[in-house]
Amino acid sequence: MVHRRARRDRDLCVVGVRTLWRTVGDGEFFCPECGGDRNYRRRTGRRRIVLLGLPLLPRGPVAPIVECAACDSRYGMEVLDHPTTTRFSAMLRDAVHTVALAVLAAGGTESAAVRQVAVGAVRAAGFADCGEEQLLALIEALAADTGRLPGAGSGERDGLDPCGTALAIELHESLEPLAPHLAPTGREAVLLQGARIAVADGPYRPAERAVLETVGRALMICPDDTARLLAATRAAF
Ligand SMILES: [Zn+2]
C-alpha cells in the first residue's frame, strides 16, 4: 500500500519528455559492447511530452537507433557499417583468393612452386578444399571470358592486359571495402601473400608487379610502402 502510494505520487510529479520506441527491422551486426556478432533491433522513436505518466504532446521523431538484442546497448545507424565477424572473415578470404588468382593470371602457372604457394595461401585464408586444378580452371575461364591467354604478351608492356583489367576490377571490388576494416599490418599481410606467390619462380614479371601495385592501391597502401614490401619479399626469397 505504501509502495503503491509512493509510486503514484512519483507518477503524478512526472512531467517530461519520453521517447516511445518502435522496432522497424532487425538483423545481425558486430556489437562493440559485446565484442562479437549479435542480433540487433533497428528502432525509430518519437518523443512526447509526458504528464502524469501519460504521453500527451508529440515532440517529433528522434534519430533511428540500433539496439543490441543481447546487451541492449544503443548505437547510431553507422554501427552497421562495421562488418560482422562472419562477414569480415568472408571478405578477407575472398580478398586473398582474388589476389592469388590475379597474381597467377599474370604469369607463372607453369611453375609448380608458384601453384603450390598460391594454393597454400588460398587454403590458409579459409578455402580449405581449394586445389590447383580449381585455381587453374578459374584462370582459364577468366582468360576465355576476356579472349586472352593468361600472361600472354603481358610481359612486355606497362600495365595490365585485358585479362588483367578484368582482374584489376575484381581486385578493387574485393579489396576496397575490406581495407578500412584492416589494420595496416593486416593490409600488408594480404599484399605479401600475393608477393610470395609472384616470387616463387624468380623475380617479378612486369605483369606481376602491375597486379601487386594494383593490390597495394586497392588496400590503401602508399606506393612507396608497396615498393618496399615487394623488394623485401623478393630479397627474402
Ligand atoms: Zn551487445
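Being a predicted model, the structure only gives us computed values, none of them experimental.

1. Description of a nonpolar patch on the surface
Here is step 1 of the chain: Taken together, the side chains of V15, L51, L52, L54, L56 and L57 make up a nonpolar region of the molecular surface, amounting to roughly 560 Å² of accessible area.
Here is step 2 of the chain: A per-element tally of the nonpolar patch places strand β3 (residues 54-68) first, with three residues.
Here is step 3 of the chain: Assignment of secondary structure puts L52 in the loop between β2 (36-51) and β3.

2. Notes on the pairing of β2
Here is step 1 of the chain: Direction of pairing for strand β1 (residues 15-31) relative to β2: antiparallel, over a ladder of 16 bridges. Following the sheet pairing, R18 is matched in β2 by R48.
Here is step 2 of the chain: In textbook terms, the turn of a hairpin is the stretch between consecutive antiparallel strands, and for β1 and β2 this stretch comprises four residues, one of which, G35, has a positive phi near 75°.
Here is step 3 of the chain: Sheet topology places β2 next to β3; 10 bridges connect them, and they run antiparallel. Residue pairing in the sheet places I49 in a bridge with L57 of β3.
Here is step 4 of the chain: The turn joining β2 and β3, which pair antiparallel and follow one another in sequence, is formed by two residues; a positive phi near 55° is taken by L52.

3. Quick notes on the sheet that holds β3
What holds strands together in a sheet is hydrogen bonding between their backbones, with the strands either parallel or antiparallel.
Here is step 1 of the chain: Strand order in the open sheet made by the four strands is β1-β2-β3-β4, with antiparallel pairing throughout. Each edge of the sheet is formed by a strand with only one pairing partner; in this case those strands are β1 and β4 (74-75).

4. Concerning the coordination of the zinc ion
Each angle at a metal carrying four tetrahedral donors should ideally be 109.5 degrees, and each at a metal carrying six octahedral donors should ideally be 90 or 180 degrees.
Here is step 1 of the chain: For the zinc ion, the full set of protein donor atoms is C31 (SG), C34 (SG), C68 (SG) and C71 (SG), at a range of 2.2 to 2.4 Å.
Here is step 2 of the chain: Taken together, the four donor atoms surrounding the zinc ion define angles of 105 to 114° at the centre, an arrangement classified as tetrahedral.
Here is step 3 of the chain: In primary sequence terms, the donor set of the zinc ion follows C-x2-C-x33-C-x2-C.
Here is step 4 of the chain: C31 sits in the buried class, given a relative accessible area of 0%.

5. Comments concerning the packing of helix α6 (residues 184-199) against helix α8 (residues 223-236)
Here is step 1 of the chain: Their axes nearest at 9 Å, the elements α6 and α8 cross at an angle of 45°. With respect to α8, the axis of α6 lies oblique. For the element pair α6 and α8, the recorded crossing hand is right-handed. Across the interface between the two elements, E188, L191, L192, A195, R196 and V199 from α6 touch T226, R228, L229, L230, T233 and R234 from α8.
Here is step 2 of the chain: Here the residues of the contact of α6 with α8 sort into six nonpolar, two polar and four charged.

6. Quick look at the nonpolar core
Here is step 1 of the chain: Counting 44 residues, the largest nonpolar core has L135, L175, L191, I197, L212, V215 and L219 as the members making the most contacts within it.
Here is step 2 of the chain: Among the elements of the structure, α2 (85-105), α3 (112-125), α4 (132-146), α5 (162-175), α6, α7 (206-218) and α8 are those that each provide at least two residues to this core.
Here is step 3 of the chain: Considering each element in turn, this core owes the most residues, 10 residues, to α2.

7. Quick look at the pattern of salt bridges
Here is step 1 of the chain: Following the criterion strictly, the structure yields 10 salt bridges and no others.
Here is step 2 of the chain: Note that R205 and E110 form a salt bridge whose closest N and O atoms lie 3.5 Å from each other. Of this pair, R205 sits in the loop between α6 and α7 while E110 sits in the loop between α2 and α3, and the two are 95 residues apart along the sequence.
Here is step 3 of the chain: Among the ionic pairs, R205 bridges to E208, the shortest N-O distance being 3.5 Å.
Here is step 4 of the chain: Among the charged side chains, a network of salt bridges with common partners joins R41, R43, E67, D72 and R74.

What counts as what
Residues numbered from 1 in each chain as written. Predicted model: local features only at pLDDT ≥ 70, side-chain atom pairs only at ≥ 80, totals over all residues. Heavy atoms only, no water. Patch = residues over 30% accessible without salt bridge, like charges linked within 9 Å, V, L, I, M, F, W, Y side chains within 5 Å. Areas by Shrake-Rupley, 256 points an atom, 1.4 Å probe, with all protein chains shown as cover. Salt bridge = Lys/Arg side-chain N within 4 Å of Asp/Glu carboxyl O. Helix = DSSP H or I, 4+ residues; strand = E, 2+ residues; numbered from the N terminus. Pairing = 2+ DSSP bridges. Donors = N, O, S within 2.8 Å, 3.2 Å for Na, K, Ca; no water. Tetrahedral: all angles 85-135°; square planar, octahedral: opposite > 155°, others 65-115°. Buried < 20%, exposed > 50% of the residue type's maximum accessible area, 1.4 Å probe, protein only. Axes fitted to C-alpha atoms, helices over the stretch in contact; angles between N-to-C directions. Parallel < 35°, antiparallel > 145°, perpendicular 65-115°, else oblique. Left-handed = near helix turned anticlockwise from the far one by under 90°. Contact = heavy atoms within 4.5 Å. Nonpolar A, V, L, I, M, F, W, Y, C, P; charged D, E, K, R; others polar. Core = buried A, V, L, I, M, F, W, Y, C linked by side-chain atoms within 4.5 Å.

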